[in-house]
Amino acid sequence: MLSRTADHLYWMSRYVERAENLARMLDAHYRLSLLPRAPEALMQGWNATLTSLGMMEEFHKLHPEGGAREALHFLAFDRNHPGSILSCLSAARENARAVRGTVTSELWETLNATYLDSRGFGGNTAYIDVANFIEWVKYRSHLTRGVTVGTMLRDEAFHFASIGTYIERADATTRLLEARWRDPGGAGERLVSEASEWAVLLRALSAFEVYRKVYRESVTPWRVTELLLLNPDIPRSVHRSLFDLLRNLGKVHNSRSAETERYAGELHARFQYGRLEELCAAGVPQFLDQVQERLNGLASRIGADFLVAS
Amino acid sequence: MSGKPYDEMLDAQGAPRPHCRRYMDWLQQQPAELLAAKRAEADALFHRVGITFAVYGEEAGTERLIPFDIVPRVLPQDEWRRLETGLKQRVRALNAFIADIYHDQDILRAGRVPADYLLCNAQYRPEMQGIDVPGGIYAHIAGIDVVRADDGAFYVLEDNLRVPSGVSYMLEDRKMMMRLFPDLFTQNSIASVEHYPDVLLENLKSVAPQGVTDPKVMLLTPGAYNSAYFEHAFLAQQMGIELVEGQDLFVRDDFLFARTTRGPQRVDVIYRRIDDDFLDPLAFRSDSVLGVPGLLTVYRAGHVTIANAIGTGIADDKSVYPYVPEMIRFYLGEEPVIANVPTWILRRPEDLAHVLAHLPDLVVKEVHGAGGYGMLIGPAATQAQIEDFRLKIVAHPERYIAQPTLALSTSPTFTERGLAPRHIDLRPFVLSGREITIVPGGLTRVALREGSLVVNSSQGGGTKDTWVLGS
C-alpha cells in the first residue's frame, strides 16, 4: 500500500477516535456540572482537562477571561481550533476523502454524512444541546467503527486504520485519567463525595457497570485508575488498547519495523505485568505523563517506518 | 442548420417517437408527487455519496452537485450502431494521425494538413518525436462530443484526447436510475454500462511496456482538490488500482517506483489525469509539484506506458479539428461516417471576412479554450459583448475558429415548471487498446437554463442517464 494512503487511513481513524474521546471528556464535565459543587470547582475541572490535553495556553490566548462556557465551545464547536470536536470530524472526513478509493463506499459515506450533519451543530451551548451533541458524536463514532469492522477487508488498510484508533485511544484514556487526578474537585468544602466524581469518569468512559462487575465494591480513585490502565479486557483501558495496537502492528511488519515492534511490545509488557503501586511510585500524573511521552515516541516510529516517503 | 431543434423523444407533432413510446407511457402514469420525491431522493443520495465537483473561482473547497435529471436520454439501436461505427473510425484515424506526426509526418508532406499549424502549435511536443509507444496508441481514452442538429443528423463537435472526464457520471447516473426506477429496467431492454472499468483496466494492461507479464497499473491524480477528484478516486476504486499523486512516485535507474509501506514498488502503466505540462518538472513546467521528476526519461526508455500519451493535444486542438475528416480519408481511405460541424478558420482571410460580417449568428471559440470558457455565442450575446469579441478576433484571428450556431437537439427535462425541452449533447468514451471498445451510450449533458446551449458542468449544465435500447 502507498505510504501516503496508510498515513491518511491512520489519521482518519485517529481523528474519529479523538472526536469520540473529546465527547467523553465533555460528558464527564456535563455530568459533574449537575452535581452540587461550588462554582469554582467547575472551572477547576475545565482547567484540569485543558492542561491534560496540552491546550491550556491556546485557550488562554483566545479567551483570556474564559469560563466554562468558552471552554466548552473551544473543545466542542470552535472550527478555528484544530483540536475541537467539529475540527476533528472535518479532518477525519478530509483524510477519508483523500483515500476514498481505498476505504469502502459505506465507510466513506458514513464519514461524509457525519461531517455534513456536523455543520448543523455549534450555534447553541445550552446544556440540553450539549448533551445531545455528545450523544450524537458517540453514536456517529460507534457507527463508523461498526461500518469499518463490518465492511473493510482485513488488509493493510484495515490494520493501519486500527493502529490509528488504538494509539489514539490509549493516549486519550491517560488524559482523561490525568484530568481527574489533577482536578482537586470538591476538596475543602465538600458537597460531593470523591466517589461520585470518580464514578462520573467511569460513566463517561462507559465503564461504570464494568467496574461494578470487576470490583463489587465502592468506587475509589486507585481502583478506577487500575481498571482503566491495567485491565486487559475492557475496550478502553490502556492495556487493552496497547494489546490491540500490537496485534495490528505485527500484521504490517516490514524490513524496517522490528525495533518499533520491540518498543511497542515493551510498553505493552509494562501494562501486562506491572503493578500499579510500582508503576505509579512517583505519582499517578507523573506516570501518565511518561506513558504519553512513550506513546508519542511510538507514533513517530510508526510514522518513520511506514507512513512517510521511503 | 438553424431551424426548430430536433426533440429526442417527441416528433414534430408532439407524439412520442417509436422507440420512446414505452417510456413516455410509463412517465405519464407516474404521479407528480412521486417524481418530485424521486428527484429529492436523488439529490440527497448524490450528496451523501459525495459525488461532487469543485468549481474553479469559488471559495476553496466548495463542492457542488452536478444536477441530475431523472428523464433519460434514449437512443434506438440503429442510431447507436451508426454512431459507434463513426466513432471508432474517427478515433482510429486520430491515433494514426498522432503516430504520424511524431514519426514521419506523411500527412504534412502530402500537404493535407498545413505543417505550420502543427509544428508551431503549443500542443506539439517535440519530446515525443520518434518515440515508439506500445501498439502505436496515443489516445487510449477519447471523449468525443457529439451533437444532433435540427436536420436529425449527428455531428462531432469536439474531440477530447488529453484527459477527458465525465465517465464517472455516466456510471453513477445509471446506478442512480436503477435505484430510483428499477421497474424501468425490467420493462425496457437497456444496454448495460457497468463494465466500463473492467474494459478500461484490460485496455490499460494491454498497452504495458513490452516484456511485462503482470503489469502494475496506477491512476495519477493531481490530488483531492482537483475538480474531478471524485472521478479519479471512483475509477481507481472500481478498477482496484492505486490512486497515486506525484509525491508517491519516484524515478530510479530509468524505472518508475511507488513509495509503499513495504518499500519501493515498480509501476508499469500510468493512467494519468494530469495535463502534459505538469507531468514532469524536469521536462515541462519546472514549477509543477504535481508530477514526477524524471518521468519523461522513463517513458522515453520504454519502461512505463502513459495513458493518454504525452502530446495527444496536437490532435484535439480546435485549429486541427477541421482537418479530422481529411485524416479519415488519408489514413483509412474512408469517408467520415459522422460529419464535422462546418468550421471557419479565422486565420484564413476569406473565412475571417465572412465571420466578422456574421458575428451575431455564429459561435466563436478560442482555439485553446476548454470547458465552455472563452467563447462567444452570437445569438445569445449582447451588442457590447459582440463588439468586445470582434476586437479580440481582429487582434489575433489565428486564435479563433467559428461555427454556425447549432440548434442542438433537445430532450424533455424536469424544470421548476414541469417537463420542458432542454438542449443536450453526448460524450461517448472510446477506449483503444488491443481493440477499440465503446460502452453503449456515454454521458449526456443537458443545459438546464432555458434556451442555453452550454452543457458544461462548470456553466450550470446537468447530466442524464443515457440509454441505448436493445433491438
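Residues numbered from 1 in each chain as written. Chains lettered and ligands numbered in written order. Predicted model: local features only at pLDDT ≥ 70, side-chain atom pairs only at ≥ 80, totals over all residues.

1. Section: the domain arrangement of chain B
Split into domains, chain B comes out as domain 1 (18–209 + 304–340 + 406–468) and domain 2 (344–404). For domain 1 of chain B versus domain 2 of chain B, the separation of C-alpha centres amounts to 25 Å. (Domains from an automatic or database assignment.)

2. Considering the packing of helix H13 (residues 258–273) of chain A against helix H15 (residues 284–307) of chain A
Residue and element names in this part refer to chain A. Where H13 contacts H15, the two axes come as close as 10 Å, and the packing angle between them is 160 degrees. Viewed along their axes, H13 and H15 adopt a mutual orientation that is roughly antiparallel. The crossing of H13 and H15 is left-handed. Residues Thr260, Tyr263, Ala264 and Leu267 of H13 touch H15, and the partners they reach there are Arg294, Leu298, Arg301, Ile302 and Asp305. A class-by-class count of the residues in the contact of H13 with H15 yields five nonpolar, one polar and three charged. (Axes fitted to C-alpha atoms, helices over the stretch in contact; angles between N-to-C directions. Helix = DSSP H or I, 4+ residues; strand = E, 2+ residues; numbered from the N terminus. Parallel < 35°, antiparallel > 145°, perpendicular 65-115°, else oblique. Left-handed = near helix turned anticlockwise from the far one by under 90°. Contact = placed C-beta atoms within 7 Å. Nonpolar A, V, L, I, M, F, W, Y, C, P; charged D, E, K, R; others polar.)

3. Describing the environment of B:Arg417
Residue and element names in this part refer to chain B. Among the secondary structure elements, Arg417 is positioned in the loop between strand E18 (410–415) and strand E19 (418–427). Looking at Arg417, the number of C-beta atoms within 10 Å reads 7, which means it is exposed. Through-space distance from the C-alpha of Arg417 to that of Leu157 is 30 Å; in sequence the pair is 260 residues apart. (Buried ≥ 20, exposed ≤ 12 C-beta atoms within 10 Å, placed from the backbone.)

4. Looking at unusual backbone geometry
With an omega of -10 degrees, the peptide bond between B:Ala307 and B:Asn308 qualifies as cis. Of note in this structure, A:Arg216 is not a glycine but carries a positive phi near 50 degrees. With phi around 50 degrees, B:Asp253 is a residue other than glycine that occupies positive phi space. For B:Asp253, the location among the structural elements is in the loop between strand E8 (249–252) and strand E9 (255–260).

5. Some thoughts on the pairing of strand E15 (residues 362–366) of chain B
Residues and elements named next belong to chain B. When you tally the buried positions in E15, you get four out of five residues, the bulk of the element. Here E15 runs beside strand E17 (residues 400–404); their pairing, made up of five bridges, is antiparallel. Note that in E17 the partner of Glu366 across the bridge is Tyr400. (Pairing = 2+ DSSP bridges.)

6. Section: the interface of chain B and chain A
Quite often, the size of an interface is put as the accessible area lost when its parts meet. Each partner contributes residues to the interface: chain B has 21 residues there, and chain A has 21 residues. If you list the elements that add at least two residues to the side of chain B that touches chain A, you get helix H2 (32–49), helix H9 (229–239), strand E7 (242–244), E9 and strand E10 (263–266) of chain B.

7. Points about helix H2 (residues 39–52) of chain A
All names here are of chain A. In this model H2 runs 21 Å from its N-terminal to its C-terminal C-alpha over 14 residues, within 8% of the 20 Å that 1.5 Å per residue would give. Taken together, the buried positions of H2 are Ala41, Gly45, Trp46, Ala48, Thr49, Leu50 and Ser52. Residues of H2 that are buried in the fold lie against helix H1 (3–33), helix H3 (56–62), helix H4 (68–76) and helix H8 (156–182). Directly beyond the C-terminal end of H2, a positive phi value near 70 degrees is found at Gly54. (Expected span 1.5 Å × (residues − 1).)

8. Structural notes on the environment of B:Arg174
Residues and elements named next belong to chain B. Within the element layout of this structure, Arg174 appears in helix H6 (residues 167–180). A tally of 21 C-beta atoms within 10 Å means that Arg174 is categorised as buried. Placed 102 residues apart in sequence, Arg174 and Pro72 show a C-alpha to C-alpha distance of 9.4 Å. Once you skip the residues sitting within four places of it in the chain, Arg174 turns out to touch Val193 and Asp465.

9. A closer look at the sheet that holds E15(B)
All names here are of chain B. Here four strands make up an open sheet; going across it, the order is E14-E17-E15-E16 and the pairing antiparallel. Looking at which strands have only one partner, the edges of the open sheet turn out to be strand E14 (344–345) and strand E16 (375–377). As defined by bridge partners, E15 adjoins E16 across three bridges and the pair is classed as antiparallel. Counted as the bridge partner of Val363 is Ile377 from E16. Across the sheet, helix H14 (residues 383–395) touches E15, E16 and E17, and the angle it forms with E16 is around 135 degrees.

10. Here's the deal with helix H12 (residues 324–332) of chain B
All names here are of chain B. Residues of H12 that are buried include every one of Val324, Met327 and Ile328, and no others. Viewed along the axis of H12, the buried residues span an arc of 100 degrees, placing them on a single side of the element. Buried positions along H12 lie against helix H3 (77–101), helix H4 (106–109), strand E5 (154–160) and strand E13 (339–340). Positive backbone phi, at 65 degrees, marks Gly333, one or two positions downstream of H12. (Arc of directions from axis to C-beta.)

11. Side note on the pairing of strand E20 (residues 429–432) of chain B
Residues and elements named next belong to chain B. On E20, burial covers both faces: Phe429 and Leu431 on one face and Val430 and Ser432 on the other are all buried. Pairing of strand E4 (residues 141–148) with E20, which is carried by three bridges, proceeds in the antiparallel orientation. Paired with Ala142 across the strands is Val430, a residue of E20. As judged from the three bridges shared by E20 and strand E21 (residues 436–438), these two strands associate in the antiparallel manner. Opposite Leu431, over in E21, you have Thr437 as the bridge partner. Linking E20 to E21, which pair antiparallel, is a turn of three residues.

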